[in-house]
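Examining the three-dimensional arrangement
Here's the letter readout for the chains.
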Amino acid sequence: MGFCGKQKAASAQSQVLIIRVKDPSLDGIKTSLSRGFDAMDFHADYSGKRVLIKPNLCYYWDYTTGETTDPRLVSAIIDFLREKCSAEEIAIVESDASAMKASRVFEVLGYTDLAMEKGARLVNLSADETVFKEVEVSGRIYELQVPRILLNPDVKLINVPKLKVGPFSDGNSLHISCALKNIYGCIQWWRKSDYHASLNEYIVAINKLVKSDFVVADGLIALGKHPVRLGAIVTGSNPLAVDSVVSRIMGYNPKRVRHLRLAEKEGLGNVSVVVEKDEIDDLRRFFPRRNRFLFSLTWRFQLLAFKTYVKLVGDIIPPPLEGVIRP
Amino acid sequence: MIKLGLVGLGKMGLLHLRNARFMESVKVTAVADPSNDRLEVARSLGVGNVFTSYREVLKTDIDAVILTLPNYMHDEVLIEAAEAGKHIFVEKPLAITSKDCEVVIDAVGKNGVLATVGHNYRYLDCVRKIREIKDRGEIGDVEIATEELIINGPFAPSLRPSPVPDWYFDKEKIGMGCMDSGYHLIDLFIHLFGEANVLYAFLGNRFHLPYEDHAIVVLKSKRCSAKGVINVGWFSKTVFPKFNFRIILHGTTGHLSTEQFMPRNMYTYVAKEAVKNFFRHAIGKKITPLTYTYYYASLFEELKTFIDCVRKGIAPPVTLHDALRTVKIIEEIYSKFTVKGIKGF
């Protein structure tokens, strides 16, 4: 465990801490998290506040795939918030996505049982009251459908993303998917794939509106070329600072990650985090880096070959590949 | 010309619709689905009569109807189709309970129509091959068989993301858990070794679904000494073209695995099949669709077999009694064994 550093902007808010979790049991996670928070002096007083925890529940994938947040981490966070931060009203939130309904994913991934056990509420953000907001990113206006609850200043948002490589769709790939991308998951409109053509811009736009009060990035099992038991939690109060550190763990220079660079330009923080290199290098050695260039090239070649074949020969597209060719 | 009706335009329905277009003297003339978007897709594929009610399809002059509906709707629509005098292809299971299956069998018998159930795994090239070799006696008497199918089940992702239909989360409507996929393995055991008894079953629940998401079942053939272990699961992240399926037969003189007859390298296989179809197309021949996917080609084969049977007026190779036997075994499993879940974290 060690502080990764402070942003050059040098506010106490930009501290990023990597917590190493040697024992991946619930007790082990709780102990490590508690020690980490103590070291960071994170003892906010949340009495009388509503605290929302936003895990990454992008699909019905088990947490061992590295795709979704480990429910044990959320369980440990709830305990900490209750014991140390006097939080009374805690809710776990997620919104519907193109292929997933939040109410179902809570059930399937065990969050319904967890919420019952911990006395927390489950909130489907897509069913919450909507506010339409316009946000300017790079001189262009983006309209977003945002849950009203996230704009309430009395509500505290704990962002619990997964440490993973970004999705690859519509030829628009993200290097990493972590804190900033997890907030994109709060957008109420369920068919988020509609936004994929301007994914980087939409990620920054929603983060300009919805502020994370604290980030606890789940790297217990991280996802690179394949899942890996990384045994790390990356925490901090600035999502961009956390993402910059995560980006380095994954072997990417944060200055070259488009949505991080854009977020910095739009005033969400600074990617130039001064870091203790050892801590990051240690984790980077274990992280199964996806060669983005090769992956992208192979993917594009396969798609092109497939589309050409289907168009020339007129063969049928099977259900998993539907959507490859737009009508 | 065989005129086909199609009820239900989900993923399977649309696939059957597209498959039918590659068959000689076959035309899908009427379809039904509650979704207007899907009906629009059917229209764009040349279907003239599109309806939101299946009854309208049954009123048209179709020879046979393909039913790709949620499990709980099979029996009701099937009986009406039989009473309307249409030959029937229904996706598995025939019905959720053996009692309902018997009612359906009775209705089909009374109305003298041909009917079959979608047991497409029988049409996989690798399954056909190991059955032939086993039947020739090349591996002696099979004592132990292992059958495995570990997949995503209803959670299989696709490039165009769409929500998992709600009925998959309702135990009453799906009628079974991952045994919905285990169904194929049980049918294959019966296909290879005849009727069977359940010796043991473990039904587990890793995900918090209202039914089992993995199962280990031990079957014993009534006809021979073969025992089979069936491992089935819906817990694994498998993305197409990965296909985590195999059958291993251990006989008194040798052993066999479906993996010996499956593509070793999917990419090479895809390229080879694509080139074959390209040349067929180039010289003006009809292509054999979906061979490049390996798995989905079995769905084309089973529908083609059904159409051939309708054309010749002969009983299809997969009978309704085959489907009933499989449903009975699943009932036996559920009646004797309960789901064990993982509670807490």
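Residues numbered from 1 in each chain as written. Chains lettered and ligands numbered in written order. Predicted model: local features only at pLDDT ≥ 70, side-chain atom pairs only at ≥ 80, totals over all residues.

A separate point is the overall build of chain A. Helices and strands together make up the secondary structure of chain A, namely ten helices and 14 strands. Taken over the C-alpha trace, chain A has a radius of gyration of 19 Å; the compact-globule value for 327 residues is 20 Å, and the two agree within 12%. Across its three principal axes, chain A shows a C-alpha extent of roughly 65 × 45 × 40 Å. Of the contacts formed within chain A by residues at least 6 apart in sequence, a portion of 70% connects residues at least 24 apart. (Helix = DSSP H or I, 4+ residues; strand = E, 2+ residues; numbered from the N terminus. Rg over C-alpha atoms; globule rule 2.2 N^0.38 Å. Contact = placed C-beta atoms within 7 Å.)

This next bit is on the overall build of chain B. Regarding its fold elements, chain B presents eleven helices and 13 strands. Computed over C-alpha atoms, the radius of gyration of chain B comes to 20 Å, within 12% of the 20 Å expected from 2.2 N^0.38 for 345 residues, which places it in the range of a compact globule. Expressed as lengths along the three principal axes of its C-alpha atoms, the size of chain B is roughly 55 × 45 × 45 Å. Across the 345 residues in chain B, those meeting the buried criterion constitute 45%. Here the contacts in chain B between residues at least 6 apart in sequence split such that 69% fall between residues at least 24 apart. (Buried ≥ 20, exposed ≤ 12 C-beta atoms within 10 Å, placed from the backbone.)

Residue and element names in this part refer to chain B. Most of helix α4 (residues 74–83) is tucked away: seven of the ten residues are buried. Within the sequence span of α4, burial applies to His74, Asp75, Val77, Leu78, Ile79, Ala81 and Ala82. Here the buried face of α4 lies against β1 (2–7), α3 (54–59), β4 (64–67), β5 (87–91) and α5 (98–111). Of the residues trailing α4, Gly85 is marked for its positive phi of about 75°.

Moving on to the environment of Ile233(A). Residues and elements named next belong to chain A. Looking at the element boundaries, Ile233 is found in strand β14 (residues 227–236). By C-beta crowding, Ile233 is classed as buried, having 26 other C-beta atoms within 10 Å. The sequence separation of Ile233 and Val105 amounts to 128 residues, and the corresponding C-alpha distance is 23 Å. Filtering out sequence-adjacent residues up to four positions away, Ile233 remains in contact with Ile19, Val21, Leu33, Gly36, Val216, Ala217, Asp218, Gly219 and Leu220.

Turning our eyes to something else, we now look at the pairing of strand β8 (residues 155–160) of chain A. Residue and element names in this part refer to chain A. Along β8, five of the six residues are buried, which leaves the element largely enclosed by surrounding structure. Relative to β8, strand β3 (residues 50–55) is paired through six bridges, and the arrangement is parallel. Residue pairing for β8: Val51 is matched across the bridge by Lys156. (Pairing = 2+ DSSP bridges.)

Right, let's get into the interface of chain A and chain B. Between chain A and chain B, the residue contacts involve 32 residues of the former and 30 residues of the latter. Those elements giving two or more residues to the side of chain A that touches chain B turn out to be α2 (71–85), α3 (102–108), α4 (111–118) and α10 (292–313) of chain A. For the side of chain A that touches chain B, the residue count by class is 17 nonpolar, seven polar and eight charged. (Nonpolar A, V, L, I, M, F, W, Y, C, P; charged D, E, K, R; others polar.)

Where a protein is soluble and globular, its nonpolar side chains tend to be buried together. Ranked by internal contacts, the top residues of the largest apolar core, which has 208 residues, are Ile77(A), Val31(B), Ile88(B) and Phe189(B). If you tally residues by element for this core, the top one is helix α8 (residues 179–193) of chain B, at nine residues. Those residues in contact with Val31(B) that lie beyond four places of it in its chain are Leu6(B), Leu9(B), Leu17(B), Leu39(B), Ala42(B), Val47(B), Val50(B) and Val57(B). (Core = buried A, V, L, I, M, F, W, Y, C linked by C-beta atoms within 7 Å.)

We now examine the environment of Asp213(B). Residues and elements named next belong to chain B. Following the sequence through the fold, Asp213 ends up in the loop between β8 (196–205) and β9 (214–221). As for Asp213 and Gly233, which are separated by 20 residues in sequence, their C-alpha atoms are 5.6 Å apart. In contact with Asp213, not counting residues within four places along its chain, are Gly177, Cys178, Asn205, Arg206, Phe207, Gly233, Trp234 and Phe235.

Buried accessible area, meaning the area lost when the parts come together, often serves as the stated size of an interface. Taken domain by domain, chain A consists of domain 1 (2–290) and domain 2 (292–327). Taking the mean C-alpha position of each, domain 1 of chain A and domain 2 of chain A sit 32 Å from one another. (Domains from an automatic or database assignment.)

We now examine the environment of Ala30(B). Residues and elements named next belong to chain B. Mapping Ala30 onto the fold places it in strand β2 (residues 26–32). On a C-alpha basis, the gap between Ala30 and Leu299 in space is 20 Å, while along the polypeptide they are 269 residues apart. Beyond its immediate sequence surroundings of up to four residues, Ala30 is in contact with Gly5, Val47, Asn49, Phe51, Val57, Thr60 and Ile62.

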